[in-house]
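As a plain string of letters, each chain reads:
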Amino acid sequence: MPTLIVVCALYFGTVMNYPVLHTLYGLSQNVQDSLFFYSAPLLLICAFTIIFSFVAWRYVFKPFMALVLISSAAALYAEVNFHTLFDMSMMESVFETNSSEISFYTNAASTLYLIGFGLIPTLLLLLVKIKPQRSWKVAALSRVSLVVIAACGLSLVAATQYKNYASVGRNNKYLNRMIIPGHIYSGVRYLDKLYFTKTLPYETQGTDAKVTATSNGKPTLMVIVLGETARAMNFSDNGYGRNTQPYTQSQGLISFQHVSSCGTYTALSVPCMFSNMNRTDYNKERAATQDNVLNVMQHAGVKVLWIDNDGGSKGVADNLPHQSINNALKDRDCNGSTCFDEVMLKKAQTFINQDEQNKVLVLHTIGSHGPTYFQRYPTAHAPFQPACNRSDIENCSDQEIKNVYDNTLVYTDFVLSQVITELKDLSDRYNVVMTYISDHGESLGENGLYLHGTPYSIAPKEQTHVPWLLWMPKQYAEQKHLNIQCLQQVAQKDSLSHDNLFHTLLGLYGISTTVDNEQLDITHNCKQLS
């Protein structure tokens, strides 16, 4: 058993943590002591030797290591190719990923990683025959000796390199989140918090909410299009050099230029943005057990429907009427694992035409979800070529990735134009308005980063700067006493965030309630006296 422990420690201390060692090599160029980098493998090997020694029991070690090896191979693929850090927030995103989303990451490269770094070592491990020691005393002595030797190795590194590690670690706090299999620890913490932490009592709020009557007597219809993985800097309304909004360019959209997201992944951002908590004090457990802005609207007598094409509402619509697109279908709009966003429009029409009363419709789009960007749009909406038509985007050129991503935004713009066209046709029956906002952004290779989910403290602007669009016809502005020119000025100048969404939706709809914070409602200072 001691030999097997050492072999596993060597494998994880070198091969599986190649990204950590590679990063430390780059950082070591700023450290005067040339031995700093060479101490890193020793540090990892000794640490893993001690850790594995505590789980190296005859009928436990092999099953445990099989799980660790295979999951670590997947983590290694993500870390090498996308610079993913598997902290607790990333594990939340992993556990809330559905089966269809998993298929987005399945390709030749990821399969080879799983086989080469996970499955083959696991098979070799299972072939090893563990011979019992002559006695428990001999077994205990050999195990203790192994731990002592490893501890001495750690002590040696600490005695000679502590100041260097402290300095490098202080300035690069992400390093500990790179260590594989740290995802196992983070995953256990997440599951403990999810299943073994006492649930908070549910709190209702905004039960006093009321809709202000309009002078024309028409009900209000608001459509909220929730974007996925759209970054603001690639929208032509925000000054992007390409026309990624050809379908809405003449529709008079107001684009809020400076909007920050609550998080860098869907499972955090979506419940956060619909809650009345700010990003800095956001608490997932509290958000899941209290009314969000859609619940408050429902208290005001507004009929609400959430239509989902992106793997669920992450709890936001749990207490609301909601429908999901069946992405297992195979037809013109669905390929068996994902569907184009325009399929939601048929369900939307049914909801709108059921009756005429105050309504809010949320369309949760799959938008620009990667890495299979090419599956997000029909070929008719792909003006930018050549595109990266594969899931292992790290093997595409920067231009191909840019093209395929921008194509997703063009198709999103097409869907928005379809929503606007439908709303225009309904303006004789409703006071209509549409707003679009994305949950987070996306990295497309800048600074070696791809996709999203980077811890917010070190996340680049590509992942946190999100688009927020508003289409508001003259009739709606007049009935809600809103000054369009004022909102255009706010859109150009003010720094906003997902913190504003809860209160802005209430103000935009014309709902009064004690839970509304006028300071966070971007429409408040643009309201005209009736």
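Just so it is clear, the model here is predicted, and its values are computed rather than measured.

1. Quick word on the pairing of strand β5 (residues 303-308)
Burial analysis of β5 places five of its six residues in the buried class, which makes it a mostly covered element. Where β5 lies against strand β7 (residues 359-364), six bridges are found, and the strand directions are parallel. From the neighbouring strand, Val304 faces β7, where its bridge partner is Val360. Across three bridges, β5 lies against strand β6 (residues 322-324) in parallel orientation. Along β6, the bridge assignment pairs Asp308 with Ser324.

2. A few points about helix α17 (residues 484-493)
Of the positions making up α17, those classed as buried are Cys486, Leu487, Val490 and Ala491. Looking straight down α17, one finds its buried side chains confined to an arc of 140 degrees; they lie on one side. Every exposed residue of α17 that faces more than 90 degrees away from the buried side is listed here: Gln485, Gln489 and Lys493. Residues of α17 that are buried in the fold lie against β3 (254-256) and β11 (468-471). Its side-chain oxygen placed 2.9 Å from the backbone nitrogen of Gln485, Asn483 serves as the N-cap of α17.

3. Overview of empty space enclosed by the protein
It is the rolling of a water-molecule-sized probe over the atoms that shows where space remains empty. Under the defined criterion, the tally for this structure stands at two cavities of 30 Å³ or more. What the largest cavity holds in volume is close to 50 Å³. Along its surface, the largest cavity is lined by Phe256, Thr435, Trp468, Leu470, Leu487, Thr504, Leu505, Leu508, Ile522 and Thr523. Mapped onto the lining of the largest cavity, the elements with two or more residues apiece are β11 and α18 (501-509). The greatest single-element share of the lining of the largest cavity, amounting to three residues, is contributed by α18. Of the residues contributing to the lining of the largest cavity, the split by class is seven nonpolar, three polar and no charged. Approximately 40 Å³ is the volume attributed to the second largest cavity. If you trace the second largest cavity, you find it lined by Phe82, His83, Thr84, Leu85, Met90, Leu449, Tyr450, His452, Gly453 and Thr454. Its residues assigned to classes, the lining of the second largest cavity shows five nonpolar, five polar and no charged.

Calculation rules
- Residues numbered from 1 in each chain as written.
- Predicted model: local features only at pLDDT ≥ 70, side-chain atom pairs only at ≥ 80, totals over all residues.
- Heavy atoms only, no water.
- Buried < 20%, exposed > 50% of the residue type's maximum accessible area, 1.4 Å probe, protein only.
- Helix = DSSP H or I, 4+ residues; strand = E, 2+ residues; numbered from the N terminus.
- Pairing = 2+ DSSP bridges.
- Arc of directions from axis to C-beta.
- Contact = heavy atoms within 4.5 Å.
- Polar contact = N/O pair within 3.5 Å; in protein donor to acceptor, adjacent residues only side chain to side chain.
- 1 Å grid on protein atoms, 1.4 Å probe; cavity = no way out; pocket = protein on both sides within 12 Å on 5 of 7 lines; lining within 4 Å.
- Points joined across faces, edges and corners; volume = space filled by probe spheres on them.
- Nonpolar A, V, L, I, M, F, W, Y, C, P; charged D, E, K, R; others polar.

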